[in-house]
Amino acid sequence: MAINWQGALSMGVFYIIVLGTGMWAYRKSKREERKCTGNRSDVAMVGGRNLSLWVSIFTTTATWVGGGYILGTAEAMYDPTQGLAWAIGPVAFSLNLIVGGLFFVKPVRVKKYVTIMDPFQEKYGSTITAILCIPSLLADIFWVACVLASLGGTVSVVMDIPSSLAVVVSASVAVLYTLMGGLYSVAYTDVIQLSLMVLGLWFCVPFILSSPSYTYITVTAVTKVYQEPWIGKIELADTWRWIDNLLLLVLGGVCYQAFYQRILSSATDVQAQITCYVAAVFCFILGIPSILIGAVAASTDWNQTAFGVPSPYEQGKAGMILPIAIQYLCPPFISLLGIGALAAAVMSSIDSALLSAASQFARNIYKNIIHKGASEKSILVVLRVSVFLVGLMGAGLAMTTASVYVFWIFSADVMYSLMCAQLICVLFLPQRVNQYGACTGLVVALLLRAVVGEPSFGLPELLPLPGDKIQEDGHCLRLFPFRTTIMLISTGTILLVSQLAVFLSEKRLLNHNVPRPKPDNTVPEDLRVPEDLRVPEDPRAPEDPRVPEDPRAPEDPRAPEDPRVPEDLREPEDPRVPEDPRVPEDLRDREGS
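Please read these numbers as outputs of a predicted model, since none were measured by experiment.

A. Quick peek at the overall build of the protein. Along the backbone of the protein there are 19 helices and 2 strands. By residue count, 50% of the 593 residues in the protein fall in the buried class. A fraction of 78% describes how many contacts in the protein between residues 6 or more apart in sequence connect residues 24 or more apart. Of the roughly 28100 Å² that the protein leaves accessible, carbon and sulfur atoms contribute 65%.

So this is what it looks like as structure tokens:
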């Protein structure tokens, strides 16, 4: 098969458009830096907190609707062992954004955080934060590798281009425009990428549905024709595993820095919440083309197409079913547009993961640990170097294996198992946790996840669980919801050990003093009394905007008289009491004059 030069040309045009958008965003970021009164690094990391509503919606949607989302949903639909019942991506990703908007927006915005590691830095200090940064950084690096590997596999199947070449070119373009403009480049290129993604995928759907090579999907949904019905089913024994997978995507997604960069870059809390809710609707809508294409692929007689037999599933290419269907079930000029849409979906996730990992390293490790007095210029330099290194490591990992599943497992599974409990505790239970509980919870979660095992990493399955089924390859099919169980055990460990540390410290059985937590009496800025509604105070006393004056409080007879009290209602002073020098002469009583 010769190289598909038309496809290569279409992808080249797409990359030029994206790169041009990134350069325009770079100039815009420079203008914002000159107008910014705060830190210049905030412009690169959170866009100066002034992204417009529609740009925020587009970049959030494009980040979630990436290559893994589109390809994975189509694969689940086509796989005869899964079907629609197990294609939980559209529902789970939408719920993830709704949960984030309801519960996680305000806690991170009220204190103007920049990265999701900032509350850990504030609560536990630098050392513990550096340890907790490791899973988050690795998850982003493996996210980059996962997306690049999926792009490499897609391009190699459709265009007969070496996957390593596709990985290098895509990583180079994404690194270049992310280096130039930071979040502005990422956000505005996401607008272009999402637009191409919507137009490309939805434009392909009518042509795929008009293909003569497939049986109507309404028939194959409930009838076995070429393979098992694509509707799928959930056995009673699989219920808990299905719930575990759903929670993995719903709660695991709120642990990623990429999510918080979007909500922290919004101008207001309301705008951030609207962004989450609207993006949740768009995520579900953009999952529909993958569902339809996967259903058609499951209903296709591949012997009637140029692909031939055996089918993609029998050749082990179920993960590439979306680009295969676009190539063999669409006219050639339509398939070019569809491939461009796939490239857009992949690129929209790479840049977000690059900036996410680089922001955490530059702020929470370099600025707060390695060089605490770092200038804004040096932080930006470290940020850009980090973007380059993360892209280099992700591209290198993507070329080591063709298995996208390995990278996805590390990125999603580990974040849910290790970081979800930590994040919930530090945001919603900060007065009940301390560094002892955080460290113990992390170690317990890591050990439990290791003994459960993961064949993809070569970890033996040492811990038998209820409902295990031995598969043909000798590995266990885990029906028990072990990921959610590990997360709950980690949460309980953090809380219990934290309280135990306080108890031991009070009994002087612990060398390090652990104070009993005190309630946080800080009044959020949006709940304080407006300046024009406050009771005027004595100009000689410092003003506390959180404590309004109580006119019923008893006054000190030696204190100056309140000029707001009428003179005929004042109590006469004892002439034997010496005059208070703090009282102005014009306000003193002139008795006996």
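B. Quick look at the pattern of salt bridges. Within this structure, the stated rule accounts for 12 salt bridges. Put simply, K233 and E235 hold a salt bridge, and the shortest N to O gap is 3.5 Å. Among the ionic pairs, R449 bridges to D413, the shortest N-O distance being 2.6 Å. Placement of R449 in helix α18 (residues 435-452) and of D413 in helix α17 (residues 404-428) is noted, with a sequence separation of 36 residues between them. Judged on exposure class, the residue R449 and its partner D413 are both buried. Salt bridges sharing partners connect three or more residues here, namely D244, D413, R449, E454 and R483.

C. Focus on the nonpolar core. Among the nonpolar cores identified, the biggest contains 162 residues, and I70, Y260, I263 and I350 are the most heavily contacted of them. The residues touching I350, leaving out its near neighbours within four places in the chain, are V144, V147, L148 and A174.

D. Region of the structure containing a nonpolar patch on the surface. Judged by side-chain polarity, V91, L95, I98, L102, F103, Y277, F284 and F428 come together as a nonpolar surface patch covering roughly 690 Å² of accessible area. Listing elements by their share of the nonpolar patch, those giving two or more residues are α5 (89-109) and α13 (269-298). Counting residues per element, the nonpolar patch draws most heavily on α5, at 5 residues. Among the structural elements, Y277 can be located in helix α13. Y277 gets classed as partly exposed once you look at its relative accessible area, which sits at 31%.

E. Broad picture of empty space enclosed by the protein. Counted according to the given criterion, the structure contains 3 cavities of 30 Å³ or more. Roughly 40 Å³ of volume is contained in the second largest cavity. The wall of the second largest cavity is formed by I116, M117, F120, C255, M415, M419 and L423. If one sorts the elements of the lining of the second largest cavity by residue count, α17 sits on top with 3 residues. A breakdown of the residues in the lining of the second largest cavity according to their chemical character gives 7 nonpolar, no polar and no charged.

F. Quick peek at the packing of helix α3 (residues 53-64) against α13. Where α3 contacts α13, the two axes come as close as 8 Å, and the packing angle between them is 45°. As summarised for this structure, α3 and α13 are arranged oblique, according to the angle between their axes. In this structure, the crossing between α3 and α13 has a hand that is right-handed. Between α3 and α13, the residues in contact are L53, S56, I57, T60, T61 and W64 and Q271, I274, T275, V278, A279, F282, C283 and L286, respectively. Here the contact of α3 with α13 is built from residues that sort into 9 nonpolar, 5 polar and no charged.

The rules behind each value
Residues numbered from 1 in each chain as written. Predicted model: local features only at pLDDT ≥ 70, side-chain atom pairs only at ≥ 80, totals over all residues. Heavy atoms only, no water. Helix = DSSP H or I, 4+ residues; strand = E, 2+ residues; numbered from the N terminus. Buried < 20%, exposed > 50% of the residue type's maximum accessible area, 1.4 Å probe, protein only. Contact = heavy atoms within 4.5 Å. Areas by Shrake-Rupley, 256 points an atom, 1.4 Å probe, with all protein chains shown as cover. Salt bridge = Lys/Arg side-chain N within 4 Å of Asp/Glu carboxyl O. Core = buried A, V, L, I, M, F, W, Y, C linked by side-chain atoms within 4.5 Å. Patch = residues over 30% accessible without salt bridge, like charges linked within 9 Å, V, L, I, M, F, W, Y side chains within 5 Å. 1 Å grid on protein atoms, 1.4 Å probe; cavity = no way out; pocket = protein on both sides within 12 Å on 5 of 7 lines; lining within 4 Å. Points joined across faces, edges and corners; volume = space filled by probe spheres on them. Nonpolar A, V, L, I, M, F, W, Y, C, P; charged D, E, K, R; others polar. Axes fitted to C-alpha atoms, helices over the stretch in contact; angles between N-to-C directions. Parallel < 35°, antiparallel > 145°, perpendicular 65-115°, else oblique. Left-handed = near helix turned anticlockwise from the far one by under 90°.

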